[in-house]
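# Remarks on the overall topology
Residues per chain, in single letters:
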Amino acid sequence: MTAKKGLLFPCLTMLVVAACAQAQGPNKLDVTYGQQGVQKLSYNGVLLENLSNYPGDTFHIWHMKATDASGNLLTDPQYTWGENNTGKSWNPIDHSWTYSYSWGSIKVQFAQNGDSLNINVTTVNKLSSGMTFDGATIYPFVLHFPDLPAGFVNASYEQLAFNTTAPSVTVANFGSGEVAAVYPNAAKPLYTGFQPAGSANAYFPIMSGTAIDGMATFFPRNDRPIAPGQTDSYTVSLRFAPAGTPTASLAADAYQSWAQTWPSKLNWSDRRIIGTVYLANSPSGNENIAGGYPNNPRRYFNDSNANDFDVRTAAGLARFQRRMLQQASSNAQNMEKLGAQGAITWDIEGEEYPQPTSYACSPDQIAQLAPEMESVVTDSSSPYKGMKLDDAYFRTMRDAGFKVGVCIRPQQYTVRANGTASQVYLPDAQIASQLIRKMQYAHNRWGATLFYVDSDVETNGASLSASIFAQAAAALPDSLIIPEETTPNYYAYTAAFQTFLFHGDLGTPVTVYDYYPKAFSVNMVNDVDPAKLAQYRQQLTDSIKRGDILMVHADYWQANNPTVVQMYIDA
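Below or above, wherever it landed, is the structure these notes cover. (Residues numbered from 1 in each chain as written. Predicted model: local features only at pLDDT ≥ 70, side-chain atom pairs only at ≥ 80, totals over all residues. Heavy atoms only, no water.)

### Overview of unusual backbone geometry
For the record, the criterion: Starting at the N terminus, helices and strands are each numbered in turn, a helix being any DSSP run of H or I of at least four residues and a strand any DSSP run of E of at least two. The classification of residues rests on relative accessible area computed with a 1.4 Å probe and restricted to protein chains. Under 20% of the type maximum is buried, over 50% is exposed, and intermediate values are partly exposed.
Note the cis peptide between Gln355 and Pro356, where omega equals 0°. Take Pro356: it is sitting in the loop between β18 (342–345) and α5 (366–369). A positive phi is found at His95, a non-glycine position, where the angle reads about 55°. Structurally, His95 can be placed in the loop between β5 (87–91) and β6 (96–100). Residue His95 is classed as partly exposed on the basis of its relative accessible area, which comes to 24%. With phi around 60°, Phe301 is a residue other than glycine that occupies positive phi space. Relative to the helices and strands, Phe301 resides in the loop between β17 (274–277) and α4 (314–338). By relative accessible area, Phe301 is classed as buried at 18%.

As structure tokens, this is what we get:
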């Protein structure tokens, strides 16, 4: 693994960044002002804004939010829309707009520093206002890029940073140059980035202390409250540079602030392969209605043949036990061939219900959900005779020298009296304790130290707060947590789950190393087409070199396993 220290350039503050730019030659950023604020803006001769051509691009303050002492939203226009004010003025001397309101004021100043345009915002809430000002959305001007910036995918998509899930650094590479919208202080939330302005390749370099209108439902909802008598100030910096300039050289101060404010707590040195084990197959149909076999309600081994085993009879249960322990032994043999550190069993509780209910991921309920796994081993030839089957299953792999793990979910798996089941979403305040309870059960009983977290999202699809995983990681410091859905700040506490199989993921985003040099991901390559694996073999091998872990089948010897073993040797 190679830490990306070489990317941390010496320009660690905005002033030094600007000084570095000036030392390299004349400014390429040219900003002129008029009666409406920024009149023209060009970089390296490319005109990106001209109010004469686009008079609708003028500065304005839009949605605002304020609450009374009881937290109720205030609806008076002076609290809700920035252009409803008691007066506004442009100061041509210091290049600033000042908007006055019955409750206070908002001042927005533009200050060029080399090839950076710093936008300084100061909001004053009068002591006599009697309300909390939660934020305002500011549209300073529009950038008309000559081409759709790289990675923006679609001109109608907003490109936002929130300062709660990752450092607030958003880069628009427009071919003839690039601009990074940077908020370098990680202490408070703030919306920054680029919002579509309604015409081709045109974007507002937006900033807002409260949720932006029309934002995707799965984006975080944050406020930046200012109490009566208080003042809030921040600076958003638009940093221009030649296309392809390393982001770390433009935003080193933001990355440094993030790393200091949200320091990495992850300490997991074992980067060998992690195996995957699936003991059952889910039925099709209604996700809430059971679809098990009469002889095998939890669909272990997808076996509907009562002649193989029938867990309703003593003899059939004994045959099921032998088959389960044979699987555990096979898992261990495959892990040995893989050189793996361990394996995660996705469905120790079986899969009685269709997707997405199928993975119960609730080991603490195994006695109720899969009583056959709690049966006592009766085989007199087994070294695990007299143990419960699930204990013997995990003990087989641990006795062979491997780590074991299970799948858990933040939802509460609930089976009702009528036989229907579902995963019930919990209030945010209960999620951390839910995860910790499940993890500690598997850890204390089976020695589990590998935890895949399935469906770690809210009902609107947003990823859970990283603070939840900070609590879980602190509760089990000897364990590795691998959440399915992640944001960059998860890397401080967990290994992000990736899936080359389904999403084509090729490893930890390189920018993450700029603030978390020890970060790594766990990337599933199970069952991927061999031709695809060959096509991206070098990139995946490089990710192993950087410290990422690949995840392959341990429940059987899959055709790609030898290739992955060789990739580890190559790395």
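### Quick notes on empty space enclosed by the protein
Space left empty within the atom packing is revealed by a probe, the size of a water molecule, rolled over the atoms. Heads up, the condition is: Only protein atoms enter the 1 Å grid, on which a cavity is a set of points fitting a 1.4 Å probe that cannot get out and a pocket is an open set with protein on both sides within 12 Å along at least 5 of 7 lines, lining residues being those with an atom within 4 Å of a point. Grid points are joined across faces, edges and corners, and a volume is the space filled by probe spheres set on the points. Each residue gets one label: Ala, Val, Leu, Ile, Met, Phe, Trp, Tyr, Cys and Pro are nonpolar, Asp, Glu, Lys and Arg are charged, and the others, such as Gly, are polar.
Using the criterion set out here, one finds 1 cavity of 30 Å³ or more in the structure. Computed from the structure, the largest cavity encloses a volume of approximately 80 Å³. If you trace the largest cavity, you find 13 residues lining it, with Thr123, Gly135, Ala136, Gly209 and Tyr234 closest to the centre. When contributions to the lining of the largest cavity are tallied by element, the ones reaching two or more residues are β8 (116–125), β9 (132–139) and β16 (231–241). Counting residues per element, the lining of the largest cavity draws most heavily on β9, at 5 residues. Here the lining of the largest cavity is built from residues that sort into 7 nonpolar, 3 polar and 3 charged.

### Considering the state of the cysteines
Note: disulfide means a covalent bond formed between the sulfur atoms of two cysteine side chains. Put simply, the test is: Whenever a pair of cysteine sulfur atoms sits within 2.5 Å, that pair is classed as a disulfide.
Applying the stated criterion across every chain, the model contains 1 disulfide. In this model Cys361 forms its disulfide with Cys407; the gap between the sulfur atoms is 2.2 Å. With the S-S dihedral at roughly 75°, the linkage between Cys361 and Cys407 falls on the right-handed side. In this pair, Cys361 sits in the loop between β18 and α5 while Cys407 sits in strand β19 (residues 403–408), placing the two residues 46 residues apart along the sequence. We note that Cys361, like Cys407, is buried.

### What about the sheet that holds strand β1 (residues 29–34)?
Quick reminder of the rule: For two strands to be treated as a pair, DSSP must find no fewer than two bridges joining them. Here an axis means a line fitted to C-alpha atoms, over the contact stretch when the element is a helix, while the angle between two N-to-C directions is reported on a 0 to 180 degree scale.
Reading across the sheet, the 3 strands line up as β1-β2-β3 and stay open at both edges, with antiparallel pairing between neighbours. For this open sheet the edge positions go to β1 and β3 (46–50), each flanked by a neighbour on one side alone. Strand after strand, the sheet turns through a mean of 15° between neighbouring axes, direction not considered. One ladder, built from 4 bridges, connects strand β2 (residues 37–43) with β3; its direction is antiparallel. When the sheet's bridge partners are listed, Lys40 is paired in β3 with Asn50.

### Section: the sheet that holds β16
Worth spelling out the cut-off: A contact between two residues is defined here by any heavy atoms of the two lying within 4.5 Å.
What the 7 strands build is an open sheet, ordered β5-β6-β7-β8-β16-β13-β12; its pairing is antiparallel. In this open sheet, the two edge strands, each paired with only one partner strand, are β5 and β12 (168–173). Adjacent strand axes in the sheet meet at a mean angle of 15°, parallel and antiparallel pairs treated alike. Two elements, β12 and strand β13 (residues 178–183), share 6 bridges in a ladder whose sense is antiparallel. From the neighbouring strand, Val171 faces β13, where its bridge partner is Ala180. Along the sheet face, helix α3 (residues 247–261) touches β12, β13 and β16 and points at about 5° away from the line of β13.

### Section: the packing of aromatic side chains
Our working rule: Each Phe, Tyr or Trp ring (for Trp, its six-membered ring) is paired with any other whose centre lies within 6.5 Å, and the angle between the two planes then decides the class: stacked below 30 degrees, edge-to-face above 60, tilted in between. Geometrically, a lysine NZ or arginine CZ counts as sitting over a ring once it is within 6 Å of the ring centre and also within 35 degrees of the ring normal.
Summed over all chains, the structure comprises 37 aromatic pairs. When the ring of Phe145 is compared with that of Phe174, the centres are 5.2 Å apart and the planes differ by 20°; the resulting orientation is stacked. Of this pair, Phe145 sits in the loop between β10 (143–144) and β11 (159–161) while Phe174 is found in the loop between β12 and β13, placing the two residues 29 residues apart along the sequence. We classify Phe145 as buried; its relative accessible area is 4%. By relative accessible area, which is 1% here, Phe174 ends up buried. Relative to Phe394, the ring of Tyr393 has its centre 5.0 Å away and its plane inclined at 80°; by these criteria the two rings are edge-to-face. Under the relative-accessibility criterion, Tyr393 is labelled buried at 0%. Here Phe394 falls in the buried class, since its relative accessible area comes to 1%. Each member of the aromatic cluster is reached from another via a ring pair, and the members are Tyr33, Phe59, Trp90, Trp97, Tyr99, Phe110 and Phe141. Positioned above the aromatic ring of Phe520, the side-chain terminus of Arg271 is 3.8 Å from the ring centre. Directly above the ring of Trp557 sits Lys337, whose terminal nitrogen or CZ lies 4.0 Å from the centroid.

### Some details on the layout of surface pockets
Its boundaries defined by the atoms lining it, the second largest pocket holds a volume of some 520 Å³. For the lining of the second largest pocket, the secondary-structure elements that each account for two or more residues are β21 (421–424), β24 (496–499) and α9 (500–503). For the lining of the second largest pocket, the class distribution of residues is 10 nonpolar, 11 polar and 7 charged.

### Some details on the environment of Arg409
Applicable threshold: Two N or O atoms form a polar contact when they lie within 3.5 Å of each other; inside protein one atom must be a possible hydrogen donor and the other a possible acceptor, and for residues adjacent in sequence the pair counts only when both atoms belong to side chains.
Tracing the sequence through the fold places Arg409 in the loop between β19 and β20 (412–415). According to the relative accessible area criterion, Arg409 is buried, its value standing at 4%. Sequence separation between Arg409 and Val453 is 44 residues, and the spatial gap between their C-alpha atoms is 5.5 Å. There is a polar contact of 3.4 Å between the side chain of Arg409 and the backbone oxygen of Tyr359.

### Thoughts on the pattern of salt bridges
What counts is decided by this rule: Think of a salt bridge as a Lys or Arg side-chain nitrogen and an Asp or Glu carboxyl oxygen that are within 4 Å of each other.
Applying the stated criterion to the full structure yields 20 salt bridges. For Asp232, the salt bridge identified is with Arg224, shortest N-O distance 2.6 Å. Arg224 carries the same exposure label as Asp232, and that label is buried. Among the ionic pairs, Arg445 bridges to Glu374, the shortest N-O distance being 2.6 Å. Pair noted here: Arg445 is in helix α7 (residues 428–446) and Glu374 is in the loop between α5 and α6 (389–399), with a separation of 71 residues, a long-range link. The exposure class assigned to Arg445 is partly exposed, which follows from its relative accessible area of 24%. Via salt bridges that share partners, Glu374, Lys388, Asp390, Asp391 and Arg445 belong to a single interconnected network.

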